[in-house]
Amino acid sequence: MTARADFDPDLLEGFLAKHFGAADRWELQRIAGGQSNPTYFVTYGPERMVLRKQPDGPILRGAHAVDREFRVMSALHPAGVPVPRPILYHDGPEPLGTPFYLMERVEGRVFPDGALAGADHAERRALWMALADAMAAMHAVRPDEVGLADYGKPGNYFERQIARWSRQWQESRSDPIPELDRLAAWLTANQPEDDDRISLAHGDYRMGNVIFHPTEPRVAAILDWELSTLGHPLADLGFCCMAWHTSPEEYGGLLGLDLAALGLPTESQFIRRYMAGNPGVAPLTTFHKAFALFRFSVIWVGIADRVRAGTAAAADAGTHGAMAKRLAIRGTDVIDGAR
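Rules behind the numbers
- In this numbering scheme, every chain counts its residues from 1 along its sequence in written order.
- Thresholds applied to this predicted model are a pLDDT of at least 70 for local features of residues and 80 or more for the giving and counting of side-chain atom pairs; totals over whole chains, interfaces and linings are not thresholded and use all residues.
- Where side-chain values are given, they derive from all heavy atoms of the structure, hydrogens and water being excluded.
- Pairing of aromatic rings covers Phe, Tyr and the six-membered ring of Trp, with a centre-to-centre limit of 6.5 Å; geometry is then stacked below 30 degrees between planes, edge-to-face above 60, and tilted otherwise.
- Helix and strand definitions here come from DSSP, where helices need a minimum of 4 consecutive H or I residues and strands a minimum of 2 consecutive E residues; each element is numbered from the N-terminal end.
- Any residue under 20% of the maximum accessible area for its type is buried, any over 50% is exposed, and the rest in between are partly exposed; the area is computed with a 1.4 Å probe on protein chains only.
- Lines fitted to the C-alpha atoms define the axes, with helices restricted to the stretch that makes contact. Angles between their N-to-C directions range from 0 to 180 degrees.
- Note on angle classes: values under 35 degrees are labelled roughly parallel, values over 145 roughly antiparallel, values of 65 to 115 roughly perpendicular, and the remainder oblique.
- Take the far helix as your reference; a near helix turned counterclockwise from it by less than a right angle gives a left-handed crossing, and one turned clockwise gives a right-handed crossing.
- Throughout, a contact is declared for two residues whenever any of their heavy atoms are within 4.5 Å.
- The nonpolar class holds Ala, Val, Leu, Ile, Met, Phe, Trp, Tyr, Cys and Pro. Asp, Glu, Lys and Arg form the charged class, and all remaining residues, Gly among them, are polar.
- In protein, a polar contact requires one atom able to donate a hydrogen and another able to accept it; more generally it is a pair of N or O atoms within 3.5 Å, and residues adjacent in sequence count only if both atoms are side-chain atoms.
- Criterion for a salt bridge: a side-chain nitrogen of Lys or Arg within 4 Å of a carboxyl oxygen of Asp or Glu.

Visitor: Residue-level account of the packing of aromatic side chains, with values.
Guide: Under the criterion given, the structure shown has 18 aromatic pairs. Ring centres of phenylalanine 15 and phenylalanine 100 lie 5.2 Å apart, and the angle between their planes is 75°; this geometry places the pair in the edge-to-face category. In this pair, phenylalanine 15 sits in helix H1 (residues 9-20) while phenylalanine 100 sits in strand E5 (residues 100-104), placing the two residues 85 residues apart along the sequence. A relative accessible area of 8% places phenylalanine 15 in the buried class. For phenylalanine 100, a relative accessible area of 0% gives the class buried.

If you want it as structure tokens, here you go:
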């Protein structure tokens, strides 16, 4: 067994033995990367699983909601949406110190950067199109038909989200970021009229949060449902389109790259592919792109706050302390470019 766990592995082994019986094989390995919920590969007898838990220490209200991750996957898996099969959810602090859940380990490929450096040149466009297709399929599910009618508040999604993330930014002890203040004010003043469109909003839908089939350009599993809620489909689409407005150094974006030479689609091509699978959705606008960058910037503010508190999930989180400001600057670039 190998592990760099934030809990006593022996306690987990005892828990697994209680639920699955004795096993002659037991391995635990922390998955590198990730800034949120600590994640581990768990092999116990014939079971190949992934464990997700809340980080230790104080957390912001509503953050690191592993119970919501488990609930939404439990609803979507029978509906045919590509998500890992949920196995078990455990509430309460014992034995690992925080709540956690287990899900199946889906085999396949993960690409951490939008440029898809690890994929064949000829396949890159198809992988991006598959990402759009899976998002459209996810948004086509009616929450009330899969037991998620009460998964969030319906209507006025962007108004509520702007208020939520603005409040989180105001309550942070991070250094001032004037660009983030400007984005919050601009978004408040430029909200589109609510069109009553309601879907499941993943909240962190991007290239690095899906597993592709080992050999085919299709999504085998959508991961990291921590921020999911009832929302608007254009929130996810705008978030995914951040790749075309951020650089490779800014969480693996595409800005500044020669897309055609690299076999990558343009933003408009990606949007058209999504719209073909979800034709009733209103057009994506500057507002949705700016909102995505504002929200992601505030998320990184929260990461920086956890670094100071010593509870960040990733060992290298401190190296990304400036990410919030860089994303906020990209957001102001988006609204300035629309003038």
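Text resumes after the structure shown.
Visitor: So what's going on with the packing of helix H4 (residues 157-171) against helix H5 (residues 178-189)? Residues and values would help.
Guide: Interhelical geometry of H4 versus H5 gives an angle of 160° and a closest axis separation of 11 Å. The orientation of H4 relative to H5 falls into the category roughly antiparallel. The two elements H4 and H5 meet at a crossing, and its hand is left-handed. Judged by residue contacts, Ile162, Ser166 and Trp169 of H4 engage Leu180, Asp181, Ala184, Leu187 and Thr188 from H5. Each residue belonging to the contact of H4 with H5 can be placed in one class, and the counts come to five nonpolar, two polar and one charged.

Visitor: Let's hear about the side chain of histidine 232: which residues, and what values?
Guide: You can see histidine 232 is positioned in the loop between strand E9 (229-231) and helix H6 (233-240). The class of histidine 232 is buried, set by a relative accessible area of 5%. Among the polar contacts listed, one links the side chain of histidine 232 to the backbone nitrogen of leucine 234, at a separation of 3.1 Å. Those residues within four positions of histidine 232 in sequence are excluded, and the remaining contacts are Tyr157, Phe158, Asp195, Arg197, Ser199 and Ala201.

Visitor: Quick one: what's the story with the pattern of salt bridges, residue by residue and with numbers?
Guide: Side chains carrying opposite charge are able to pair once their charged atoms draw close together. Applying the stated criterion to the full structure yields 19 salt bridges. The shortest N-O distance in the salt bridge between glutamate 107 and arginine 48 comes to 2.6 Å. Here glutamate 107 is found in the loop between E5 and helix H3 (124-140), whereas its partner arginine 48 is found in strand E3 (residues 47-53), with 59 residues between them in sequence. Judged by relative accessible area, which is 35%, arginine 48 ranks as partly exposed. With its nearest N and O atoms 3.4 Å apart, the salt bridge here joins arginine 142 to aspartate 144. Using a relative accessible area of 47% as the deciding quantity, one classes arginine 142 as partly exposed. A residue is classified by how much of its surface remains accessible, and aspartate 144, at 44% relative accessible area, is partly exposed.

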